[in-house]
Amino acid sequence: MKKPEDLKKRIKEILKILTKEIPDSTIALKFSSPLELLIATILSAQCTDVKVNQVTVSLFKKYRSAKDYAEARLEKLEEDVRPTGFYRNKAKSIQKCCQELLKRFEGKIPNTLEELITLPGVGRKTANVILGNAFHLPGIVVDTHVQRVSQRIGLTQNNDPTKIEFDLMEIVPKEEWTHLSNLLIWHGRRTCQAKKPLCETCPIQKWCDYGSKTKQ
Ligand code: SF4
C-alpha cells in the first residue's frame, strides 16, 4: 500500500506532464447547456463521441428544452437517437429523466451530485461529467479510461468505480478533479489503450507502476 503523500506527489507530476502533452483536454462531447450535456452523455453509452456529436447537431435543434423531450412521442425520439445504438433504452431514459426534471426541478438541471443522481438514468459518472464540464464544479469522472489508467498507474487498488472515485478524491486537489478526469480520458484513448498500452512512448511511464515494470 503506497502512502498518500507519495501518491499526491505522483499526481502532481502526472498533471504537469499530461497538461503539457494534452493542452486541449476538454470533453469531446459538444454541448451548449447543462441539458444538452446530459442528453449527450446518456447517448454516449456504448457509442463513440464522434457519432453522438453527429446525432446531436439536429437533435439539439429540434428539442430545445426538457419539456420538448418529456412531451415528445417516444417512437419519434427513438428514431431521432437511433444511430447511437440502444436507442429504445436511451430514448426512454432521456424522456423519463426530462419528465422528472419538469416535475421536481422546473425543467432545469440541478447542480449538486446529490440531486443529479436522483434523476432516472443518472449515476455518479454522468453527474460528475455534468458538474465538472457544464457547471465548472469539481467532479471526478470514473469512466472505463479513468478506471484503467488509474489502476495501471497505481493510484487505486479498487475495481469499483465509486471506490476509485473516492480514492482519487483523497489524493487529487479538488480544483483539479475535472481537469485530471479529462486528461486521463484522453490519455487512455491515445496512449494507455486497453489492449495495447503504448508504454514505450508514454510520457508518464516513470510515474506508472505498470509502465515501470515493462521498462527494458
Ligand atoms: S506507462 Fe503504459 S500503462 Fe502506464 S500510463 Fe503509460 S501507457 Fe499506461
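Being a predicted model, the structure only gives us computed values, none of them experimental.

**Side note on the environment of His187**
Looking at the element boundaries, His187 is found in helix α11 (residues 177-190). Residue His187 is classed as buried on the basis of its C-beta count, with 25 C-beta atoms lying within 10 Å. Distance from His187 to Leu18, taken between C-alpha atoms, is 7.8 Å for residues 169 residues apart in sequence. What His187 contacts, discounting residues up to four positions off in sequence, is Leu18, Ile22, Val149 and Cys192.

**Examining the domain arrangement of the protein chain**
The domains assigned to the protein chain are domain 1 (4-25 + 140-214) and domain 2 (34-134). Contacts between the two partners involve 10 residues from domain 1, matched on the other side by 6 residues from domain 2. Split by residue class, the side of domain 1 that touches domain 2 holds 5 nonpolar, 3 polar and 2 charged.

**What about the site of the ligand?**
With respect to spatial proximity, 14 residues lie near the ligand, and among them Cys192, Cys199, Cys202, Cys208 and Gly211 are the closest. At the level of elements, α9 (144-153) and α12 (209-214) are the ones that each hand at least two residues to the shell around the ligand. Per element, the largest residue contribution to the shell around the ligand is 3 residues, and it comes from α9. By residue class, the composition of the shell around the ligand is 10 nonpolar, 3 polar and 1 charged.

Rules behind the numbers
- Residues numbered from 1 in each chain as written.
- Predicted model: local features only at pLDDT ≥ 70, side-chain atom pairs only at ≥ 80, totals over all residues.
- Helix = DSSP H or I, 4+ residues; strand = E, 2+ residues; numbered from the N terminus.
- Buried ≥ 20, exposed ≤ 12 C-beta atoms within 10 Å, placed from the backbone.
- Contact = placed C-beta atoms within 7 Å.
- Domains from an automatic or database assignment.
- Nonpolar A, V, L, I, M, F, W, Y, C, P; charged D, E, K, R; others polar.
- Near = placed C-beta within 6 Å.

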